[in-house]
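Now for the letters of each chain:
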Amino acid sequence: MRRKIGFLALCLTVSAYAAEPFDDKFRQLDEILPTPNVYRTASGAPGHAYWQQRADYTISATLDEARRALTGSEQITYHNNSPDTLSYLWVQLDQNIYKKDSDARMMLTQPSREAWAKATSPEDGYKFEGMRGILAGREFDGGFKIKSVATNGQPLKHVINRTMMRIDLPTPLKPGEKFVFNIDWSYNINEQQVLGGRSGYEHFEEDKNDLFEIAQWFPRMAAYYDVYGWQHKQFLGTGEFTLEFGDYDVQLTVPADHVVASTGELQNPSDVLSAAQRERLEKARTASAPVLIVMQEEATRAEKSRSNASKTWHFKASNVRDFAWASSRKFIWDAQGFKKDSTNVMAMSYYPKEGNPLWGKYSTQAIIHTIDKYNKYSFDYPYPTAISVNGPVGGMEYPMISFNGPRPTKDKKTGELTWSQQTKYGLIGVIIHEVGHNYYPMIINSDERQWTWMDEGLNTFVQYLAEQEWEDKYPSRRGEPRNIVDYMRSQEQVPIMTNSESLVQVGPNAYAKPATGLNILRETILGRELFDYAFREYAQRWKFKRPTPADFFRTMEDASGTDLDWFWRGWFYTTDPVDISIDGISEYGVSTKDPEKEKAWKKAQKDAQPVSLSDQRNKALPKRVDAHPELKDFYNEHDEFTVTNKDRNSYAEAIEKLEPWEKKLLDQGKHLYLVDFSNLGGMVMPLILEIELKSGKKYIERIPAEVWRYNSKKITKLIVTDEPMVGLTQDPYWETADIDTSNNAWPRKVTQSRLELFKTERDKNNLMRDFNTPLKKDEKK
Ligand SMILES: [Zn+2]
């Protein structure tokens, strides 16, 4: 029977137009994901032959404060742990993004001529800062000046390809061998607020001091790995980086009155810190609140003089993939130790007085909160320090150190310090985010130049979890499904699985959408227990290693025991939004076959129909049979709803033939509803049905997304209830980011809104009135 209908339908379709290809939302991902191998398994774990390269660095650098320049010498020890013989090495020269003819500059485009000319608000107009940046970039003498590349004093042949440098090896580097070489370099430091970037200096006009945030500051080994070979895509600005782990031994020479914050542990405190500072640091280790190492009065005093001497700060860091630092005489410095399980870390904040009182109150607390919460969802923080620095950079992460921007606003006249709610939560949020990056991607070393979402998305997700444990109803920007709806409705979108440099709407795409997707997986699809186990398993498997998207997708499925290919396919590989609609509902009761009940039911249905307009109007007309009752007979009393003896006899006969279980079914009194759902958005999702009964009772039925497996566009679902259903709502808690909730309820709900009425402004453009307006005199200050 079913087959026959199917055949007929097929014939009809073919004769009218070609059959639409079946859109299988549950098709497995194997055809897209790379084939598992000895380096990366089908379950998403590192394989038995997993390998990665290693690069150790010894660097000494000098900050020339007056010239705002950095000069350095480094020795790189490169370990070839791959099974391949290498005839050249690639080194990243990120500073070259500041060269006048850099790709990043040359590739800049504007939204459109219309957008440029017809700004409708200050938001999409061209800002002073934007124009200043473009013009200053044409003047700034940026980029690395490479003085020498050598091994054992012998120059090495090298070629610079914009932000990358190839070094040709004198003899091929075999598996298991290492190669030691030296690079001498210098560069001019960018003014971050003019030229942008993830590092740079900030100038404070009031006290004429600078604050330096230094990152991506030395030639670094490009990654070489099993999936891509050399990762030497040009640095264009959005795609950050992926690097090799290694040990760092770094000497930083700065003006003697500077305080340095850095990746790693300070090796020579007695050379650079006062006895009082060392004592305060010791106290901070076990303190229950942040302890000031440099107090505000001390920092403000330091701002007023200039030392001509210099000091060298010596830091060491092991098993890190990068190294960054900051330096200024403006720094206030506070610290507090945090010990839990295998974590033993000194949380430290460095900020100018312009950051207070917000920074003293929140920064170090936020660092400790981050580590406490991220440990829970990932792994124990393994490094000895975790630092948050306030300077020009809005938010950027490096191993053990992060740069965070928000500050209070100072009234120019009164000096009063105030801040918006956005600044307060923006500060706590950005510190959680940037310190959280220690986990993703500083330790779970994903390839940021290829996939922004692998660190930003995962990190934003854990940031959301941590924020929600900071205070009740913390106003997280990203993570809640309802917050992604506007983006999911928007026109210009690319899939999450798009290379970092081709992303459109980077924030929503690479931060918010993956974070929201993980939240939906956790709350709606897997549940917290299965999700948290799988997510932690991913973190554990890949810490200090380099995962790819497939490793993440596979681990989440492998450890949760759930096929999530449909979710990755829809949420990560397409831009389809969720829009599930309740199209229609029919109620069915099971016929009891009892003529007394069934004919009464049919009569009630008929009586419930509206009375026709003619019948309403004819009702008052006098009727002949009323005037002559003798005209009435049997049919004036009975109609098709009258139960006859014949009906009763056949019911008795029929019941006799039924088995007891069949009789019981006729009597169960359940209410059956056939509900049509359509998937208008394209992305399949579980159905979350809130069923409201006549008695007022409400309950939720959760139906897995696989309900869409035979037809991803339209399905009909049977709902059985004990009493009449009076309302049905799909996704009542807005947990699936459904972009149109107006079609989610039956009966449809009225949308509440407010209409604003405005006064008409008469004679708006009155040149004569404007001309006659008295000129305002200069107010005396
Ligand atoms: Zn980030």
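Since this is a predicted model, take the numbers as computed values, not measurements.

S.K.: Would you mind going over the overall build of the protein chain in detail, with residue names and values included?
M.R.: The number of helices and strands found in the protein chain is 23 helices and 33 strands. A compact globule built from 781 residues would reach a C-alpha radius of gyration of about 28 Å, whereas the protein chain, at 35 Å, exceeds it by more than 25%. Overall, the protein chain is about 125 × 85 × 60 Å in size when its C-alpha atoms are taken along their principal axes. Contacts in the protein chain between residues at least 24 apart in sequence constitute 76% of all its contacts with a sequence separation of at least 6. Element-wise, carbon and sulfur atoms account for 52% of the exposed surface of the protein chain, whose accessible area totals about 40,800 Å². Separation between the mean location of the 103 positive side-chain charges and that of the 111 negative ones in the protein chain comes to 3 Å.

S.K.: How would you summarise the side chain of glutamate 65 if you had to cite specific residues and measurements?
M.R.: The topology assignment puts glutamate 65 in the loop between strand E1 (54-64) and strand E2 (69-79). Not counting the four nearest positions on each side in its chain, glutamate 65 is found in contact with Phe212, Pro255, His258 and Arg329.

S.K.: Lay out the coordination of the zinc ion with the relevant residues and their values.
M.R.: Every protein donor of the zinc ion is accounted for by His433 (NE2), His437 (NE2), Glu456 (OE) and Glu456 (OE), and the metal-donor separations fall at 1.9 to 2.6 Å. Geometry at the zinc ion is irregular, judged from the four donor atoms that bind it and their angles of 55 to 152 degrees at the metal. Counting the intervening residues between successive donors of the zinc ion yields the motif H-x3-H-x18-E. You can call histidine 437 buried: its relative accessible area is 0%.

S.K.: Go over the confidence of the model for the protein chain with me, naming the residues and quoting the values.
M.R.: Put simply, the protein chain has an average pLDDT of 94, and 96% of its residues get 70 or more. In the model, residues 1-15 has pLDDT below 50 throughout and makes one contact with residues more than four positions away in sequence or in other chains.

S.K.: I'd like to hear about the sheet that holds strand E8 (residues 178-188), residue by residue, with values.
M.R.: Picture the strands of a sheet paired through backbone hydrogen bonds; they go either parallel or antiparallel. Read across the sheet, eight strands follow the order E5-E4-E8-E2-E1-E14-E18-E16 without closing on themselves; strand pairing throughout is mixed. Edge positions in the open sheet fall to strand E5 (154-155) and strand E16 (265-266), since each of these has one partner strand only. The pairing of E2 with E8 spans eleven bridges and is classified as antiparallel. When the sheet's bridge partners are listed, glycine 72 is paired in E8 with tryptophan 185.

S.K.: Lay out helix H7 (residues 275-285) with the relevant residues and their values.
M.R.: Considered for burial, the residues of H7 that qualify are Gln277, Arg280, Leu281 and Ala284. Buried residues in H7, looked at end-on, bunch into an arc of 105 degrees, giving them a common side. Facing away from the buried side of H7, by more than 90 degrees, are the exposed residues Ala275, Glu279, Glu282 and Lys283.

S.K.: Hey, could you go over the packing of aromatic side chains for me, with residue numbers and the actual values?
M.R.: Scanning the entire structure with this criterion turns up 54 aromatic pairs. When the ring of tyrosine 248 is compared with that of phenylalanine 323, the centres are 5.6 Å apart and the planes differ by 25 degrees; the resulting orientation is stacked. One end of the pair, tyrosine 248, is in strand E14 (residues 246-255); the other, phenylalanine 323, is in the loop between strand E18 (310-320) and strand E19 (325-328), with 75 residues separating them in the sequence. Exposure class is identical for tyrosine 248 and phenylalanine 323. Each is buried. Ring centres of tyrosine 351 and tryptophan 359 lie 5.8 Å apart, and the angle between their planes is 40 degrees; this geometry places the pair in the tilted category. Neither residue differs from the other here; tyrosine 351 and tryptophan 359 are each classed as buried.

S.K.: Would you mind going over the packing of helix H9 (residues 358-377) against helix H12 (residues 453-468) in detail, with residue names and values included?
M.R.: Relative to each other, H9 and H12 sit at 115 degrees, their axes nearing to 9 Å. With respect to H12, the axis of H9 lies roughly perpendicular. For the crossing formed where H9 meets H12, the hand is right-handed. Together, His369, Lys373, Tyr374 and Tyr377 of H9 and Asn459, Val462, Gln463, Leu465 and Ala466 of H12 make up the contact between the two elements. Partitioned by chemical class, the residues of the contact of H9 with H12 number five nonpolar, three polar and one charged.

Parameters and conventions
Along each chain, residues carry numbers from 1 onward, in the same order as the chain's sequence is written. Residues qualify for local features only when their pLDDT is at least 70, as the model is predicted, and side-chain atom pairs are given and counted only at 80 or more; totals for whole chains, interfaces and linings, by contrast, use all residues. By convention in this description, side-chain values take in all heavy atoms of the structure and omit both hydrogens and water. Numbering goes from the N terminus for both helices and strands, where a helix is a DSSP run of H or I of at least four residues and a strand is a run of E of at least two. The size measure is the radius of gyration over C-alpha atoms, and the globule rule it meets is 2.2 Å times the number of residues to the 0.38 power. The criterion used for residue contact is that any of the two residues' heavy atoms lie within 4.5 Å. Computed with the Shrake-Rupley method and a 1.4 Å probe, the accessible areas treat only the protein chains shown as cover for residues. His is not counted, nor are the chain ends, whereas Lys and Arg count as positive and Asp and Glu as negative. Positions of charges follow a simple convention, taking NZ of Lys, CZ of Arg, CG of Asp or CD of Glu. Nitrogen, oxygen and sulfur within 2.8 Å of a metal are treated as its donors, or within 3.2 Å for sodium, potassium and calcium (Na, K, Ca); water is not counted, so a site can appear incomplete. The rule is simple: four donors are tetrahedral if all their angles sit between 85 and 135 degrees, four are square planar and six octahedral if opposite donors span more than 155 degrees and the others lie between 65 and 115, and anything that fits none of that is irregular. Buried, partly exposed and exposed residues are distinguished by accessible area as a fraction of the type maximum, computed with a 1.4 Å probe on protein chains only: under 20%, between the cut-offs, and over 50%, respectively. Each residue gets a pLDDT score, which is the predictor's confidence in that residue and runs from 0 to 100. Strand pairing is assigned whenever DSSP identifies at least 2 bridges connecting the two strands. The directions considered for the arc run from the helix axis to the C-beta atoms. For Phe, Tyr and Trp, where Trp contributes only its six-membered ring, two rings pair if their centres lie within 6.5 Å, and the inter-plane angle classes them as stacked under 30 degrees, edge-to-face over 60, or tilted in between. Think of each axis as a best-fit line through the C-alpha atoms, taken over the contacting stretch in the case of a helix, with angles from 0 to 180 degrees between the N-to-C directions. Angles below 35 degrees are treated as roughly parallel, those above 145 as roughly antiparallel, those between 65 and 115 as roughly perpendicular, and all remaining angles as oblique. Should the near helix be turned counterclockwise from the far one by less than a right angle, the crossing is left-handed, whereas a clockwise turn marks it as right-handed. Three classes are used, and their members are as follows: Ala, Val, Leu, Ile, Met, Phe, Trp, Tyr, Cys and Pro are nonpolar, Asp, Glu, Lys and Arg are charged, and the others, Gly among them, are polar.

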